[in-house]
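# Chains, contacts and geometry: an overview
Below, each chain spelled out in residue letters.
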Amino acid sequence: MATNSPSTLEHRDVVSSFIFHFPPSQPNEPVVALFRRSDKVNTYKHHLAPISGTISRKDKDPLTAAWRELQEETTLTPSSLSLWRTGKPFTFSDPSVNREWTIHPFAFRLADAESAIKIDWEHEGWEWHDPRAVSDDESFGGVPRLMESLHRVWFEGSLNPRAGKALATGLERLRSDHESGANELTAIALAVFRDFIMHTRNGLDESWWSSVRMVAWHLVKNGRESMAAAILNAVLSVLTEMEDVVSQKTDQELKWDRILAMMDFQVTRRTANTGRIMESFTEYLRSKFLADGKREQITILTMSASSTIRDSILNAFAALDVHTLELRVLESRPLFEGASIASSVLCQFKSQFEGTDKQLNIKVYTDASAALAAQDAEILLLGADRISARKGVSNKTGSLPVVLSVKHITSKAQVVVLSGLEKINGTCGLIDDDTHEDNGPREVVHTWKNDGIKGMKILQDGMDRNVVEVKNVYFEWVPSSLVDAFVCEDGILDVETIREKSTQLGMLADRYFGDL
């Protein structure tokens, strides 16, 4: 009997959205909703499945399609659902329905199990399942590759319990940390990666290697994706060295010891890179602003809460012959990170410069005062959560307005981005430069309520009726054309180097993640 070849199968890109709920009585034991497809659908009638659907040309990306299908098939919206995890897409063929499928898995968390799930004509019923019981066996009655789709977002099912818990706990820590910078988050990610490796110390075979690479992928994609460029660089470096160790012809125990020692060294090396960035910034200031070797005062404007920026400013102030540092700081709402860095600089200054004649003047401005703060500033110093060869510099929201203010009001001021090379994003598309991290209205509304803003009840009512939308986007792009200098551990970074590094990273990411 003739069978269809892969070239004759109709290709479909589809989303598979798994809805999870964490019962209060068992917060660590989620259940997953599966829906039984009706006899009105074209394929897999009466089979159990997540919420699925074809990605159309009108959808901006797979996630847009996932949200659309969820609302159409369950009536659920972001008011009761939140994106929890994104899975690595995969492709398989099913000649029985003349299809080649590329599956884009997603996991969503249902805030309240009582939230109304109203199924449409595509389903004849639904129920909660223990995710551990989901199987690809024909007796379970699921659509093809159901378990594989599930395990790409609920990886706990494919890992040993201790390794799965280490990864899940680590990802939640990364997701919920809205205070640490990219450097700190990368250190956390490497520690999680090391914990995972420790709990898989039972073999170095191909299955283990696939799991390790998939875990690295999850650390980039499902922690804080908007701040994950440094994590991507770090895990790719670890994978490269790990692959070299595994290929060595030596005892397996020795290989394990070398892998763990290598991962410890990665953390130490990153600390050393921070020191080199500080030195590069000092040399930049010396060459650009201290032609005669000394100055009475220098004025720096900054924002957000970057430990690298704080330490670089104070390190340069200590090394250079400058009597007074005027530091202007934008408060950076809604978390007021600017106020945090101002207090941190002041505290460190008192201990570091006690007994010297150095003077520090700190001026804290509201975000709306960016143009006032820019007046006569000599340097606008920004950090970078991500650097893209195409988009520029991704940094705390408010960065672009202050850059534009500086360029318009104090044209001679230098816009300087202080960042390690690890913040460069690869061209692989794993970290999407076109997505924005919107953290929801809670933080903003909480501040309004605490301050007793008049009309808060009216706004809240409007939000409940979807008439008012409060945007809380954390990051925005500053085009490279508006940056005068990228200062990194190797000195001044040019746009061509950024482009080359991005391409190299993309190739390396494809090598380790492309076949997963």
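Residues numbered from 1 in each chain as written. Predicted model: local features only at pLDDT ≥ 70, side-chain atom pairs only at ≥ 80, totals over all residues. Heavy atoms only, no water.

The protein chain appears in an unreviewed UniProt entry as Translation initiation factor eIF-2B subunit family protein from Aspergillus steynii IBT 23096. Database annotation for the protein chain, UniProt heading Sequence similarities (unreviewed entry): "Belongs to the eIF-2B alpha/beta/delta subunits family." (UniProt positions renumbered as here; feature names shortened; annotations may be inferred.)

As summarised here, the arrangement of the three strands in space is 13-14-16, forming an open sheet in which the pairing is antiparallel. In this open sheet, the two strands that pair with only one neighbour each are strand 13 (386-388) and strand 16 (475-478). Averaged over all pairs of adjacent strands, the angle between strand axes in this sheet comes to 30°, irrespective of strand direction. The pairing of strand 13 with strand 14 (residues 392-396) spans three bridges and is antiparallel. Among the inter-strand pairings, R386 is bridged to a residue of strand 14, identified as S394. Most of the contacts of helix 11 (residues 399-409) go to strand 16, to which it runs at about 35°, and overall it touches strand 14 and strand 16. (Pairing = 2+ DSSP bridges. Helix = DSSP H or I, 4+ residues; strand = E, 2+ residues; numbered from the N terminus. Axes fitted to C-alpha atoms, helices over the stretch in contact; angles between N-to-C directions. Contact = heavy atoms within 4.5 Å.)

Evaluated as defined, the whole model comprises 29 salt bridges. Here E337 and K396 are joined by a salt bridge, their closest N and O atoms 3.4 Å apart. Within this pair, whereas E337 is found in helix 9 (residues 337-352), its partner K396 is found in strand 14, the two being separated by 59 residues in sequence. Just as E337 is buried, K396 falls in that class too. (Salt bridge = Lys/Arg side-chain N within 4 Å of Asp/Glu carboxyl O. Buried < 20%, exposed > 50% of the residue type's maximum accessible area, 1.4 Å probe, protein only.)

Secondary-structure assignment places E326 in strand 10 (residues 321-330). In this structure E326 touches Q297, I298, T299, I300, N361 and K363, once residues within four positions along its chain are discounted.

Let's shift gears to the nonpolar core. If you look at the biggest cluster of nonpolar residues, it comprises 79 residues, and the most contacted ones within it are F193, I197, L219, M242 and F513. Contact partners of F513, with chain neighbours within four places excluded, come to K88, R213, A216, W217, L232, L236, L239 and L430. Of all hydrophobic cores here, the second largest spans 30 residues; its members include Y284, L314, F317 and F353. (Core = buried A, V, L, I, M, F, W, Y, C linked by side-chain atoms within 4.5 Å.)

The sheet built from seven strands is open, its strands ordered 11-10-9-12-15-17-18 with mixed pairing. The open sheet has two free edges, formed respectively by strand 11 (359-365) and strand 18 (491-493), since each of these has just one partner strand. Strand-to-strand twist in this sheet, taken as the mean axis angle between neighbours without regard to direction, amounts to 30°. Note: strand 9 (residues 294-303) against strand 12 (residues 379-382), three bridges, orientation parallel. Looking at the pairing, L301 lines up with L380 of strand 12.

The domains assigned to the protein chain are domain 1 (10-154), domain 2 (161-274) and domain 3 (275-435 + 474-511). Placing the centre of domain 1 and that of domain 3 at their C-alpha centroids yields a distance of 43 Å. (Domains from an automatic or database assignment.)

Moving on, we come to the packing of helix 4 (residues 182-198) against helix 6 (residues 229-247). Relative orientation of the contacting elements helix 4 and helix 6 amounts to 35°, with a least axis distance of 9 Å. Two packed elements cross with a definite hand, and for helix 4 against helix 6 that hand is right-handed. The segment helix 4 lies against helix 6, with A182, L185, T186, A189, L190, F193 and I197 engaging A230, I231, A234, V235, V238, L239 and M242. (Left-handed = near helix turned anticlockwise from the far one by under 90°.)

For the rest of this paragraph, the subject is the environment of P23. Along the chain, P23 turns up in the loop between strand 1 (10-21) and strand 2 (31-37). The exposure class of P23 is buried, given its relative accessible area of 16%. Spatially, the C-alpha atoms of P23 and D257 are 40 Å apart, while their sequence positions differ by 234 residues. When residues no more than four places from it in sequence are discounted, the contact partners of P23 are E29 and P30.

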